[in-house]
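Listed here are the chains, written in short residue letters.
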Amino acid sequence: MKALAAVALLGLVALLALGVSGVFPRPAVPSGEDIAAAWGAENVVAAIILGVRLWDTLFEILVYAMTMVGVKLGLRLLRWERPLPPVAETPLLRRSADLLLGPIVVFALYVAVSGHLGPGGGFPAGALLGTALLLLALAKGVERLSAEIHEPTLEWAEYGAIVAILALTGALLLVGRRGSAHLIAANLLIALEVAIGAWVVLHRFASSRGEV
Amino acid sequence: MEGLAAVALAIALVGIGFWTLIVRRNLIWKLLGLNVAAGGAILFLVALAHRPGARPPIVGLGPGPSADPLPHALVLTAIVIDFATLALALVYVVFLTEHRHTQDVRRLERDEERGWPQP
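Owing to the predicted nature of the structure, the values given are computational and were not obtained by experimental measurement.

Draft legend 1. Representation of the overall build of chain B in the model. If you tally the helices and strands in chain B, you get 4 helices and 0 strands. Reading chain B from its N end, one meets helices and strands in the order α-α-α-α. A globule of 119 residues ought to have a C-alpha radius of gyration of about 14 Å, yet chain B, at 20 Å, is considerably larger. When the backbone C-alpha atoms are referred to their principal axes, chain B occupies close to 70 × 25 × 15 Å. Buried positions account for 20% of the 119 residues belonging to chain B. The contacts in chain B between residues at least 6 apart in sequence include a share of 49% that link residues at least 24 apart.

Pasting the structure below:
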């Protein structure tokens with residue numbers, strides 16, 4: 001058994017060395033400018049994650065959604081004996097949330113929509129939207145916010161976003177059309193999905209302990 | 001030179017992370033160590049993308065070589081998956097703490113050998 005493991009390990013090292021050594025010809029890598037031009041983007045990273053490596057991004061989003069479902073179901077199984085203490089209202093936080101919410105949401109939309117032209121994209125936009133929700137949760141209390149934004153609708157929106165991303169990528173891969181419109185749509189959907197996932201984590205962890 | 005410094009910092013971060021992961025007995029500290037090690041790996045990938053005098057990989061930012069965009073795309077995946085798995089792992093730690101009333105790995109193993117204390 002030990003000898004077998006040693007042989008397997010040595011074989012792995014040999015394979016690695018063979019791959020690095022340059023015995024096999026390397027595939028020609030197109031330049032970043034070519035990739036960006038082919039996908040109608042200026043941000044080469046966006047063209048890669050939403051174009052060349054679309055499957056990778058797709059399954060990354062699926063892994064993200066699956067773990068969010070895991071968090072949701074896992075924490076739902078726990079029963080808490082003590083009722084949660086109500087959150088104290090602070091006028092300072094209420095006012096700053098009122099003032100900051102609009103600019104944060106607008107900036108998140110800007111980052112999502114212009115993600116193929118400059119720094120940005122769906123994931124940072126989703127994180128920004130999640131931050132806006134966190135600010136609201138700090139100001140209002142998680143349970144009140146959850147009742148106000150109607151959580152079941154939000155869950156359906158999350159599943160809808162996943163289905164829409166799948167449909168969009170499927171269409172993109174089957175039809176083979178490339179353009180900035182697809183990148184913008186994919187970025188917006190990714191932002192929605194990431195923001196709802198962040199909200200799910202925030203809400204479940206906060207309502208499990210009554211903090212925030 | 002900046003690339004080398006970043007690689008050194010990345011190796012240091014991974015070392016600190018794995019040290020915490022192995023030595024600390026608290027599960028939450030272990031998760032934190034794992035996250036720091038993941039941060040080191042992410043920094044390593046970003047340092048790999050560095051080229052001397054490079055500009056960001058965006059078309060039209062001027063002449064000169066651009067940084068390698070592929071590691072940046074990989075890093076995006078790594079960050080998101082890192083966050084997601086950390087959240088899921090914390091859920092398991094919450095579960096364990098609720099049911100076994102400890103986060104100490106050694107105590108958990110000892111209880112596993114002796115049989116769990118009945119509540």
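Moving on from the model shown.
Draft legend 2. Highlighting the overall build of chain A. Looking only at helices and strands, chain A features 9 helices and 0 strands. The secondary structure elements of chain A, listed N-terminal to C-terminal, are α-α-α-α-α-α-α-α-α. Its C-alpha radius of gyration of 22 Å places chain A more than 25% over the 17 Å reference for a compact globule of 212 residues. Principal-axis analysis of the C-alpha atoms places the extent of chain A at approximately 70 × 55 × 30 Å. Relative to its full complement of 212 residues, chain A shows a buried share of 33%. For chain A, contacts bridging at least 24 residues in sequence account for 78% of all contacts bridging at least 6.

Draft legend 3. Molecular detail of the nonpolar core. Residues and elements named next belong to chain A. By size, the foremost hydrophobic cluster in this structure holds 61 residues, and its most contacted members are Ala47, Ala191 and Ala195. With 16 residues, helix H9 (residues 180-209) is the single largest residue contributor to this core. Excluding anything up to four places from it in sequence, Ala195 contacts Gly126, Leu129, Gly130 and Leu133.

Draft legend 4. Looking closely at the environment of A:Ala161. Residue and element names in this part refer to chain A. Relative to the helices and strands, Ala161 is located in helix H8 (residues 151-175). The buried category is assigned to Ala161, around which 22 C-beta atoms lie within 10 Å. When near neighbours in sequence (up to four residues on either side) are disregarded, Ala161 contacts Leu189, Leu192 and Glu193.

Draft legend 5. Fine view of the interface of chain B and chain A. Facing the 21 residues of chain B at the interface are 24 residues of chain A. By residue class, the composition of the side of chain B that touches chain A is 15 nonpolar, 5 polar and 1 charged.

Draft legend 6. Just helix H4 (residues 105-114) of chain B, in detail. With 0 of its 10 residues buried, H4(B) lies for the most part at the surface. Just beyond H4(B), the residue with positive phi is B:Gly115, at close to 95°.

Draft legend 7. Expanded view of the packing of helix H2 (residues 27-48) of chain B against helix H3 (residues 69-100) of chain B. Residue and element names in this part refer to chain B. Between H2 and H3, whose axes approach to 10 Å, the crossing angle comes to 180°. Comparing the axis directions of H2 and H3 gives the class roughly antiparallel. Between H2 and H3, the contacting residues are Leu27, Ile28, Leu31, Asn35, Ala38, Ala41, Ile42, Leu45, Val46 and Leu48 on the first element and Pro71, Leu74, Val75, Ala78, Ile79, Asp82, Leu86, Ala89, Leu90, Val93 and Leu96 on the second. Residue composition of the contact of H2 with H3, grouped by class: 19 nonpolar, 1 polar and 1 charged.

Cut-offs used in this document
- Residues numbered from 1 in each chain as written.
- Chains lettered and ligands numbered in written order.
- Predicted model: local features only at pLDDT ≥ 70, side-chain atom pairs only at ≥ 80, totals over all residues.
- Helix = DSSP H or I, 4+ residues; strand = E, 2+ residues; numbered from the N terminus.
- Rg over C-alpha atoms; globule rule 2.2 N^0.38 Å.
- Buried ≥ 20, exposed ≤ 12 C-beta atoms within 10 Å, placed from the backbone.
- Contact = placed C-beta atoms within 7 Å.
- Core = buried A, V, L, I, M, F, W, Y, C linked by C-beta atoms within 7 Å.
- Nonpolar A, V, L, I, M, F, W, Y, C, P; charged D, E, K, R; others polar.
- Axes fitted to C-alpha atoms, helices over the stretch in contact; angles between N-to-C directions.
- Parallel < 35°, antiparallel > 145°, perpendicular 65-115°, else oblique.

Purely spatial values, then, with no claim about function.
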